[in-house]
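Survey of secondary and tertiary structure
Listed here are the chains, written in short residue letters.
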Amino acid sequence: MSVSYRTLFAVLLLSCSLTFAQPPGMPPGGPPPGGMPRGGPMPKASTDGIKNKFLDIAYAQKSPAQKLDIYLPNEGTGPFPVIVSIHGGAFKMGDKGDFQVNAALSGLKRGYAVVSINYRLSGEAIYPAQIQDVKAAIRWIRANAKTYKLNADKIATWGGSAGGNLSALAGTTGDVTDFDDASLGNASHSSRVQAVVDWFGPIQFDQMDPQFKASGKGKADHNEANSPESQLIGKPITQAPELVKRASPATYISKADPPFFIEHGTNDPLVPTQQSINFTAALTAVLGKDKVTFTPIEGAGHGGPQFETPENLEKVFTFLDKHLK
């Protein structure tokens, strides 16, 4: 039986976009078919061995989605540098407690705290609610850092696919007050971050179809009215160039931005590899080569076990160690 691209998109990009390494409890062949909304049958994160965890803490009061989980190392007194884990799901699926956080949780043994966040999904609120929530969570972390032994001066974002977009947006909008919604709380605290890890995030929505047409590696249907990108901004992306520009991390690049670590599979059929190539070039032109690292994962698709090998995770944490320790 053939599988439509849209179904594949729902299963892969929307539901499991951070990483496709086989998590504990996942059946052979990957996640169950079909969409995985919050609360659905997504495999859970591997957290049984974590002694110090604080779950379902509200970082704002506008929506039940605005909650986070805090995981601290089993050893050490802190304050710990913080990885803010942002789940994927094409802005309309996924959850802070699903297996997408597993890669970041491996940092606990290296002395990192991990804060995994939920945010309003596109079915509840259109853009920019998502980045407003991310930044509200970062402000909450700073406001409550002493209580949870967190280092308020050492915060990185890490996300894949939709989470990669939001992770990158958090990095490039540190000096953009437009996305700091004071009504979400802790307005006196900064939402800047000190490092960004972007795994195969979509960066410029209106370029995805032309890039797939050029490469032949994916189906060019992101311009459709029911595409995740169109659902995110509330109208077909072809009819809203200014909104598309506003949703792009590349729009806000400035010399004040933190260092970036970007990885993307060379055979990604869901988010064109060229998205990360172009973003890297734009960042490098402003920040310089020393602050931008791009690693193409040869032969990988939209995530895959190559992203979570010990060797690749060592590259990620070497980057984080450099900038957060």
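Now for a look at the structure at hand. (Residues numbered from 1 in each chain as written. Predicted model: local features only at pLDDT ≥ 70, side-chain atom pairs only at ≥ 80, totals over all residues. Heavy atoms only, no water.)

1. Overview of the sheet that holds strand 3 (residues 80-86)
As a general point, the strands of a sheet are linked pairwise by backbone hydrogen bonds and lie either parallel or antiparallel. What counts is decided by this rule: Strands were regarded as paired on the criterion that DSSP finds at least two bridges between them. Helical segments are the DSSP runs of H or I of at least four residues, strand segments are the runs of E of at least two, and each set is numbered from the N terminus. Angular values range over 0 to 180 degrees, each being the angle between N-to-C directions of two axes fitted as lines to C-alpha atoms, with helices fitted over their stretch in contact. Any two residues whose heavy atoms approach within 4.5 Å at even a single point are treated as in contact.
Pairing in this open sheet of eight strands is mixed, and the strands run 1-2-4-3-5-6-7-8 from one edge to the other. The sheet is open, and its two edges are formed by strand 1 (52-58) and strand 8 (292-297), each paired on a single side. The average undirected angle you get between the axes of adjacent strands in this sheet is 15 degrees. Docked against the sheet, helix 4 (residues 162-172) engages strand 3, strand 5 (150-160), strand 6 (195-199) and strand 7 (260-265), running at close to 140 degrees with respect to strand 5. Most of the contacts of helix 8 (residues 273-287) go to strand 7, to which it runs at about 160 degrees, and overall it touches strand 6, strand 7 and strand 8.

2. Overview of the environment of Y112
Cut-off, in case you're wondering: Exposure classes here rest on a 1.4 Å probe applied to the protein chains alone. A residue is buried below 20% of its type maximum, exposed above 50%, and partly exposed in between. As used in this structure description, the phrase polar contact means that two N or O atoms lie within 3.5 Å; if the pair is within protein, one of them must be able to donate a hydrogen and the other to accept it, and residues adjacent in sequence are counted only when both atoms belong to side chains.
Looking at the element boundaries, Y112 is found in the loop between helix 2 (102-105) and strand 4 (113-117). Y112 gets classed as buried once you look at its relative accessible area, which sits at 0%. On a C-alpha basis, the gap between Y112 and L150 in space is 9.1 Å, while along the polypeptide they are 38 residues apart. Other than its neighbours up to four places away in sequence, Y112 contacts P73, F80, P81, I83, G107, F317, L320, D321, L324 and K325. Looking at Y112, its side chain comes within polar contact range of the side chain of D321, at 2.5 Å.

3. Looking at unusual backbone geometry
The omega angle of the peptide bond from G78 to P79 is 0 degrees, so this bond is cis rather than trans. Secondary-structure assignment places P79 in the loop between strand 2 (67-72) and strand 3. Cis geometry is found at the peptide bond from Y127 to P128, where omega equals 15 degrees. Along the polypeptide, P128 turns up in the loop between strand 4 and helix 3 (129-143). With a phi close to 55 degrees, D56 is a non-glycine residue in the positive phi region. Relative to the helices and strands, D56 is located in strand 1. One non-glycine residue, N186, adopts positive backbone phi at about 55 degrees. Mapped onto the elements of the fold, N186 is located in the loop between helix 4 and strand 6. Looking at N186, the relative accessible area reads 27%, which means it is partly exposed.

In short, shape yes, function no, at least from these values alone.
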